[in-house]
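# Summary of structural features
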Amino acid sequence: MKWLYIEEIDSTNKYAKEGISTDNISDQTVVYTYRQTAGRGRLQREWNYTGEDNIYASIVLKPSGQMKEVYSNLTQLLCVVLAEVFEEYSVVPKIKWPNDIRINGKKISGILAEAVTSQEGNLLGIVLGFGVNLNVPEELLEKINQPATSLNIETGMFIDKEEFLKKVIDKFCLYYNKFIEEGFLLIREDYKKRAEFLNKNVSVKVFDKTYEGIATDVTSNGALKLKDKNNKEHILLIGDIL
Ligand code: BTN
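Residues numbered from 1 in each chain as written. Predicted model: local features only at pLDDT ≥ 70, side-chain atom pairs only at ≥ 80, totals over all residues. Heavy atoms only, no water.

## Describing the sheet that holds strand β13 (residues 233-236)
Our working rule: Two strands make a pair as long as DSSP finds a minimum of two bridges between them. We count a stretch as a helix when DSSP gives it H or I for four or more residues in a row; a strand needs E for two or more, and each element gets its number in order from the N terminus.
Spatial strand order, β13-β12-β11-β10-β14: 5 strands in an open sheet with antiparallel pairing. If you trace the sheet from one side to the other, it starts and ends with β13 and β14 (240-241), each paired once. In the sheet, strand β12 (residues 224-227) pairs with β13 via 4 bridges, with the strands oriented antiparallel. Looking across to β13, one finds that leucine 224 is bridged to leucine 236.

## Topic: the site of the ligand
Using the following cut-off: Note on terminology: near, applied to a residue and a molecule or strand, indicates that one of the residue's heavy atoms is within 4 Å of it. What qualifies as a polar contact is a pair of N or O atoms within 3.5 Å, subject to a donor-acceptor requirement within protein and to the restriction that residues adjacent in sequence count only when both atoms come from side chains. For accessible areas, the Shrake-Rupley method is used with a probe of radius 1.4 Å. Any residue's cover is judged against the shown protein chains and nothing else. Amino acids are sorted into nonpolar (Ala, Val, Leu, Ile, Met, Phe, Trp, Tyr, Cys and Pro), charged (Asp, Glu, Lys and Arg) and polar (every other residue, Gly among them).
Near the ligand there are 20 residues, and of these Ser11, Gln36, Arg40, Arg42 and Lys107 occur at the shortest range. Side-chain polar atom of glutamine 36 to a nitrogen atom of the ligand: 3.0 Å apart, as the coordinates give it. Taking arginine 40, its main chain carries an N or O atom lying 2.7 Å from a nitrogen atom of the ligand. About the coverage of the ligand: the protein hides 99% of its 410 Å² of free accessible area. Contributing elements (two or more residues each) for the shell around the ligand: α1 (12-18), β3 (39-40), β5 (55-61), β8 (106-117) and β9 (123-132). Considering each element in turn, the shell around the ligand owes the most residues, 4 residues, to β8. Split into classes, the residues belonging to the shell around the ligand amount to 6 nonpolar, 10 polar and 4 charged.

## A word on the sheet that holds β5
What counts is decided by this rule: For helices, the axis comes from a line fit to the C-alpha atoms of the stretch in contact; other axes are also lines fit to C-alpha atoms, and the angle between any two N-to-C directions lies between 0 and 180 degrees. The contact definition used throughout considers only heavy atoms, calling two residues in contact when any of these lie within 4.5 Å.
With mixed pairing, the 7 strands of this open sheet are ordered in space as β1-β2-β5-β9-β8-β7-β6. Because the sheet does not close on itself, it has two edges, and the strands there are β1 (2-9) and β6 (94-96). On average, each strand axis in the sheet is inclined to that of its neighbour by 20°, with strand direction left out of account. Here helix α5 (residues 161-182) sits on the sheet in contact with β1, β2 (29-36), β5 and β9, set at roughly 25° to β5.

Structure representation (structure tokens):
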């Protein structure tokens, strides 16, 4: 992985997307910053800047050839990787489908994946942006638009962000090639054993529609299986659990 550090930027995802066709950003580059002034999240939300001791980074992948289904599961791979790294700090991370990580019911990291295509519709690259709360001051956590926590609070110690980020990138690289070959099945069990939504009643927003029911499984390609009150089964490939 190539490392690209920028002291301050509006959004590492935006920077990566804009530069994806240049030599500045080659395949397997991690763009990271200390100060992200206009971070973006899923569902048109913003990702708050909570100080220099947290992670704001984007992994850029530029696989050659056609779009493959497995690319849409890369956020779930990154999610499992993040969960495994959290566990090295003796905490218990839980996954909220598709790719949020929560500890004790509070969000600690989020992923925003964006694909960039040419005007002809060819895939130029994939940007996997992730933010991790490592050392967020408590008064800033309260300003986040949903219940949130930070690893320093969960462990009671200061977390070295460079060490954490290196662990994530090393682990991601370790899995990456095999994952592209084998797909979501490679991590399905690792993903499911940390899933906090399984066998629970959930509401899932898919564009303008909301599905309600029991989350019964995660399929072999990472989709969420939901059974509604009429026992009708839904397979949701994209969406967000509310
Ligand atoms: C979410 O809504 O949970 C996803 C948050 C993703 C935030 C990260 S921080 C680095 C990268 N750059 C951005 O603008 N967003 C992502």
